[in-house]
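Working through the structure, step by step
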Amino acid sequence: MIYQSASDWRNAPHKRVTLFAMSGLGKTYVSNLMRATGDWFHYSVDYRIGTRYMGEAIVDHAKSEAMKVPYLRELLLSDSIYIGNNITFENLAPLSAYLGKPGDPAKGGVPFDEYMRRQDLHRASEIAATLDTAHFIKRAQELYGYGNFICDTSGSICEVVEPENPDDPVLKALSEQTLLVWIKGSDTHTEELVKRFDRAPKPMYYQPKFLQSAWSEYLAEQGCSEDAVDPNAFVRWTYARALAARQPRYEAMSKWGITLAGEDVAKVKSAADFEALIEETLEQA
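Residues numbered from 1 in each chain as written. Predicted model: local features only at pLDDT ≥ 70, side-chain atom pairs only at ≥ 80, totals over all residues. Heavy atoms only, no water.

**Here's the deal with helix α11 (residues 208-222)**
Over its 15 residues, α11 extends 21 Å from the first C-alpha to the last, a length consistent with the 21 Å expected when each residue adds 1.5 Å. For α11, the full list of buried residues reads L211, A214, W215, Y218 and L219. The buried residues of α11 occupy an angular sector of 130° when the element is viewed end-on, so they sit on one face. In this structure, α11 carries K209 and A220 as exposed residues pointing more than 90 degrees from its buried face. (Helix = DSSP H or I, 4+ residues; strand = E, 2+ residues; numbered from the N terminus. Expected span 1.5 Å × (residues − 1). Buried < 20%, exposed > 50% of the residue type's maximum accessible area, 1.4 Å probe, protein only. Arc of directions from axis to C-beta.)

Spelled out as structure tokens, the structure:
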């Protein structure tokens, strides 16, 4: 770790942190708090994915859908209108919508092969965007004058790294530049995440092996063809299984840094609170 003790952290002229956790446990909330001080640069991996690495694919897909509507097709071909990607740190809907859900096209689903192609694109994009952290640390300091830096990773980072490998390129790069911080959720958090997802199921990234297995199992259990799958029903069915599969991967990643309890992070109301929580955790390590 780049900070071996509480005093290292407290006295560091430049504080650099990478947060990782399941979605909904406070990564972006804390990052926004830090950014609001004016002293911390907030680097959102999801935002980078949706702009730098998948932005063109997202916009092209939106255009292809618009081209199916004669009125919009005519306006697009005459350059009378344009379609852009308005993704923000708080609104990642364009990225989620592009990833899509497999199943019945009449219910908004996409063919499974196309779904897997988009998943593969997301994987490559997430790795590249996460590795861009070092570039943005330098950019934030030299270009904008930020002394401190917080990286807000994607909730699927555990799916694109091998935490047991000491030479994993993503984790090694992050640990050499930042303090990795796992926000660990409780069983109660997990239950709430499942309930929230059930109310509003959204696309997400899964490891290919896990996804292929889940898809085959679901088709067999439901006794239906691929194009008859209810997309929302499938992702609801898959979500709790995905959380269970991710938990040991996050646990293994925690060895690369420190762990903060989700309950403690929920009590953080300021940048000072968060810095103090890290200091206290390092003191007890």
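**Section: the layout of surface pockets**
The volume enclosed by the largest pocket comes to roughly 820 Å³. If you trace the largest pocket, you find 33 residues lining it, with S23, G24, D46, L92 and K202 closest to the centre. Secondary structure elements with two or more residues in the lining of the largest pocket: α2 (27-36), α6 (93-99), α10 (187-199) and α12 (231-253). Per element, the largest residue contribution to the lining of the largest pocket is four residues, and it comes from α6. Residues belonging to the lining of the largest pocket are distributed by class as follows: 15 nonpolar, eleven polar and seven charged. (1 Å grid on protein atoms, 1.4 Å probe; cavity = no way out; pocket = protein on both sides within 12 Å on 5 of 7 lines; lining within 4 Å. Points joined across faces, edges and corners; volume = space filled by probe spheres on them. Nonpolar A, V, L, I, M, F, W, Y, C, P; charged D, E, K, R; others polar.)

**Looking at the packing of α11 against α12**
Viewed as axis vectors pointing N to C, α11 and α12 meet at an angle of 135°, and their least axial separation amounts to 11 Å. What the angle tells us is that α11 and α12 run oblique. For α11 against α12, the interelement crossing comes out right-handed. Of the residues in α12, those in contact with F210, L211, A214, W215, E217, Y218 and E221 of α11 are A233, F234, W237, T238, R241, A242 and A245. (Axes fitted to C-alpha atoms, helices over the stretch in contact; angles between N-to-C directions. Parallel < 35°, antiparallel > 145°, perpendicular 65-115°, else oblique. Left-handed = near helix turned anticlockwise from the far one by under 90°. Contact = heavy atoms within 4.5 Å.)

**With respect to the state of the cysteines**
Counted according to the given criterion, the structure contains zero disulfides. Among the cysteines around C151, which has no disulfide bond, C158 carries the closest sulfur, lying 15 Å off. (Disulfide = S-S within 2.5 Å.)

Geometric values such as these leave the question of function open.
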